[in-house]
2 protein chains.
Amino acid sequence: MSDVITFYDIPSIKGISWSPNTWKTRLALNFKGIPYKTVWVEYPDIEALSKEIGAAPTGVKGDGSPSYTLPAIYDPKTKKAISDSQNIAEYLDATYPSTPTLFSAGTLTLQIAFQEAFTTAALGNLFAPLLQESGFILNERSAVYFRQTREATYGKKLEEFSPLGAVRDEHWKKTQAGFSTVAGWIQKSGGLYVMGDKASYADLSIAAWVLWVRQVRGASSADYQNILTWDSGFWGKYLAALDKYTTPDA
Amino acid sequence: MSDVITFYDIPSIKGISWSPNTWKTRLALNFKGIPYKTVWVEYPDIEALSKEIGAAPTGVKGDGSPSYTLPAIYDPKTKKAISDSQNIAEYLDATYPSTPTLFSAGTLTLQIAFQEAFTTAALGNLFAPLLQESGFILNERSAVYFRQTREATYGKKLEEFSPLGAVRDEHWKKTQAGFSTVAGWIQKSGGLYVMGDKASYADLSIAAWVLWVRQVRGASSADYQNILTWDSGFWGKYLAALDKYTTPDA
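Bear in mind the structure is a predicted one, so any value in this text is a computation, not a measurement. (Residues numbered from 1 in each chain as written. Chains lettered and ligands numbered in written order. Predicted model: local features only at pLDDT ≥ 70, side-chain atom pairs only at ≥ 80, totals over all residues. Heavy atoms only, no water.)

**Points about the domain arrangement of chain A**
Residues and elements named next belong to chain A. Looking at the assigned domains, one finds that chain A contains domain 1 (5-95) and domain 2 (108-246). The centre of domain 1, based on its C-alpha atoms, is set 20 Å off from the matching centre of domain 2. Across the contact, 24 residues belong to domain 1 and 28 residues belong to domain 2. Across the interface of domain 1 and domain 2, roughly 2,500 Å² is buried in total on both sides, 64% from carbon and sulfur atoms. Connecting domain 1 to domain 2 are 10 residue pairs in polar contact (both at pLDDT 80 or more). Contributing elements (two or more residues each) for the side of domain 1 that touches domain 2: helix H1 (20-32) and helix H3 (85-95). Of all the elements, H1 adds the most residues to the side of domain 1 that touches domain 2, at 9 residues. Looking at the side of domain 1 that touches domain 2 residue by residue, the class counts come to 12 nonpolar, 6 polar and 6 charged. (Domains from an automatic or database assignment. Contact = heavy atoms within 4.5 Å. Buried area = accessible area lost by both parts, 1.4 Å probe. Polar contact = N/O pair within 3.5 Å; in protein donor to acceptor, adjacent residues only side chain to side chain. Helix = DSSP H or I, 4+ residues; strand = E, 2+ residues; numbered from the N terminus. Nonpolar A, V, L, I, M, F, W, Y, C, P; charged D, E, K, R; others polar.)

Below, the structure is given as structure tokens:
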């Protein structure tokens, strides 16, 4: 296994992958059937790890210095480290052309825009409740770091992002409306998936966000089970069909 | 010509097509090489015309009653009237399968989402200045109707949507930033167009919005000429390549 791709992911106290952005990469690797090993990295260690393996920064901090995030991979075949889930997906298609295609010919730009449209339509009201709950499933060192950085960004306590009750209910109600819009788009494809009968990266990116709910709230939680019933059960069918790409999950 | 599609469009005082939504249909018909004749309809006559030809409403008014918009087409081949630019584009692909394809296999959902993402990224700040200027290029009856309905919707005078000076400049600055985001998406396709070397409906829908600027402000206006220079001239090249689909324009 020493010559397989190393996939750097963020652990939770449940011992499983949970971050929506790292799930995009895990799903992509599984979809393509590319072997890999997972290395778990706590939040405060991401920057040092990224510099060590030579993964490029993915953004800029408030003070103007580069910021580093996961997912990242290191591929011994090309001796390259790649960061950012979209970059990794494009790299995998380019480097392993004989594996199933994430972006079929001519659709890369469309799929990038699809993710933007999905984010605008469906995720705006999911961030607050899920960020809040994510803060409570991290190991100690990551939990401290996560709370500190998110509270600085949003200017309030994690517990205030989406308090249970009316505020939380409203977030979920708007999230459901957004998912309904997206279900309408997908149902025009003529098949179960965004591109019809064949899954593509657009589907994996949606699944990654719903896996965030499943891993953080639990598969048997009302929050997750409700999603499966939305749009007359469309989401349940859709996610069941994509579930095979969640394995291996660590 | 009596057996060709009738295309219902909204005239301007310049005697040309100008509405971004009807341009989508005109570009689609030209792209596919389907013969048609244009019938010009002033705003206050759209509802009666739509009912007369049997075109479905495209929305709901404030009072809950159905609202009617152009574009609409009547196709004597199928004896069907179709309204809504997206519906018309899908109808044309389905009914004329031997003409060039607007939505190549598997991309309908992606292209619908692309238009949503383009709207969010690039159009938010273009609406105010262009709606304002559109009000001044309509024939008398449409001008009165347009002013009345838009002022009721936005709660201010047409002249206040985007006054020349700091407000208008800010709208254009933000529009340019949005177009730059979209140029970044398109430039990942590996070709000049959204899907690479082949134009598709996504490109025509972008062109339709820029034609709104060209027809309302004029081809030699600074507003239009500036766009051509954005992103190191990308938009100039892109629109020049799509320009052949603007003919015939009436």
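Still more to cover.
**Section: helix H2 (residues 46-53) of chain B**
Residues and elements named next belong to chain B. Buried within H2 we find Ile46, Leu49, Ser50 and Ile53. Buried residues of H2, viewed axially, fall in a sector of 100°; they line one side. H2 presents Ala48, Lys51 and Glu52 as exposed residues on the side facing more than 90 degrees away from its buried surface. Residues of H2 that are buried sit in contact with strand E1 (5-9), strand E5 (72-75) and strand E6 (80-83). After H2 finishes, the residue Gly54 shows a positive phi value of roughly 85°. (Buried < 20%, exposed > 50% of the residue type's maximum accessible area, 1.4 Å probe, protein only. Arc of directions from axis to C-beta.)

**Overview of the interface of chain A and chain B**
Facing the 20 residues of chain A at the interface are 20 residues of chain B. When the two sides are added together, the surface that chain A and chain B hide from each other amounts to roughly 1,800 Å², 71% of it contributed by carbon and sulfur. Contact with chain B buries surface across chain A, with Thr109, Leu110 and Lys188 of chain A losing the most and accounting together for 37% of the total. Joining chain A to chain B, the criterion identifies 2 salt bridges. Close ionic contact of Glu90 of chain A with Lys188 of chain B constitutes a salt bridge, the shortest N to O distance being 2.7 Å. When contributions to the side of chain A that touches chain B are tallied by element, the ones reaching two or more residues are helix H4 (108-123) and helix H7 (166-186) of chain A. (Salt bridge = Lys/Arg side-chain N within 4 Å of Asp/Glu carboxyl O.)

**Section: the environment of Glu151 of chain A**
Residue and element names in this part refer to chain A. Its location among the elements puts Glu151 in helix H6 (residues 140-154). Placed 19 residues apart in sequence, Glu151 and Gln132 show a C-alpha to C-alpha distance of 10.0 Å. Residues within four places of Glu151 in sequence aside, it is in contact with Lys156, Lys157, Leu158 and Glu159.

**A word on the side chain of Arg168 of chain A**
All names here are of chain A. Note on placement: Arg168 falls in helix H7. For Arg168, a relative accessible area of 4% corresponds to the buried category. Reaching out from Arg168, the side chain makes a polar contact with the backbone oxygen of Ser162 at a distance of 2.7 Å. Those residues within four positions of Arg168 in sequence are excluded, and the remaining contacts are Pro129, Gln132, Glu133, Ser162, Pro163 and Arg217.

**Some remarks on the relation of the copies chain A and chain B**
In screw terms, the move from chain A to chain B is a rotation of 180° and a rise of 0.0 Å along the axis, fitting with an RMSD of 0.0 Å. Accordingly, the operation relating the two chain copies is best matched by a two-fold axis. For chain A, the residue whose C-alpha comes nearest the rotation axis is Ala117 of chain A, separated from it by 2.3 Å. Both copies share a contact surface, since 100% of the interface residues of chain A are interface residues in chain B too. (Least-squares fit on C-alpha atoms with pLDDT ≥ 70 in both.)

**Considerations on unusual backbone geometry**
Each neighbour pair has its own omega, and for Leu70 of chain A with Pro71 of chain A the value is 15°, a cis peptide bond. As for its placement among the helices and strands, Pro71 of chain A is situated in the loop between strand E4 (66-67) and strand E5 (72-75). Phi at Asp231 of chain A is positive, roughly 55°, even though this residue is not glycine. Looking at where Asp231 of chain A falls in the secondary structure, it is placed in helix H9 (residues 222-242). You will see that Ser232 of chain B, though not glycine, has its phi angle at about 55°, which is positive.

**Focus on helix H1 (residues 20-32) of chain B**
Residues and elements named next belong to chain B. Taking 1.5 Å of rise per residue, the 13 residues of H1 would be expected to cover 18 Å, and the 18 Å separating its terminal C-alpha atoms lies within 8% of that figure. Burial runs high along H1: 12 of the 13 residues are buried. Along H1, the residues classified as buried are Pro20, Thr22, Trp23, Lys24, Thr25, Arg26, Leu27, Ala28, Leu29, Asn30, Phe31 and Lys32. Where H1 ends, the next residue or the one after it, Gly33, has phi of about 70°, a positive value. (Expected span 1.5 Å × (residues − 1).)

**Considerations on the sheet that holds E6 of chain B**
Residues and elements named next belong to chain B. Reading across the sheet, the 4 strands line up as E2-E1-E5-E6 and stay open at both edges, with mixed pairing between neighbours. In the strand order of this sheet, the two ends are held by strand E2 (36-40) and E6, each with one partner. When the angles between neighbouring strand axes are averaged without regard to direction, this sheet yields 20°. Pairing geometry for E1 and E5, over 3 bridges, is antiparallel. Its bridge partner lying in E5, Tyr8 is registered against Ala72. The strands touched by H1 within the sheet are E1, E2 and E5, with E1 carrying the most contacts at an inclination of about 155°. Set on the sheet, helix H3 (residues 85-95) makes contact with E1, E5 and E6; between it and E6 the angle comes to about 135°. (Pairing = 2+ DSSP bridges. Axes fitted to C-alpha atoms, helices over the stretch in contact; angles between N-to-C directions.)

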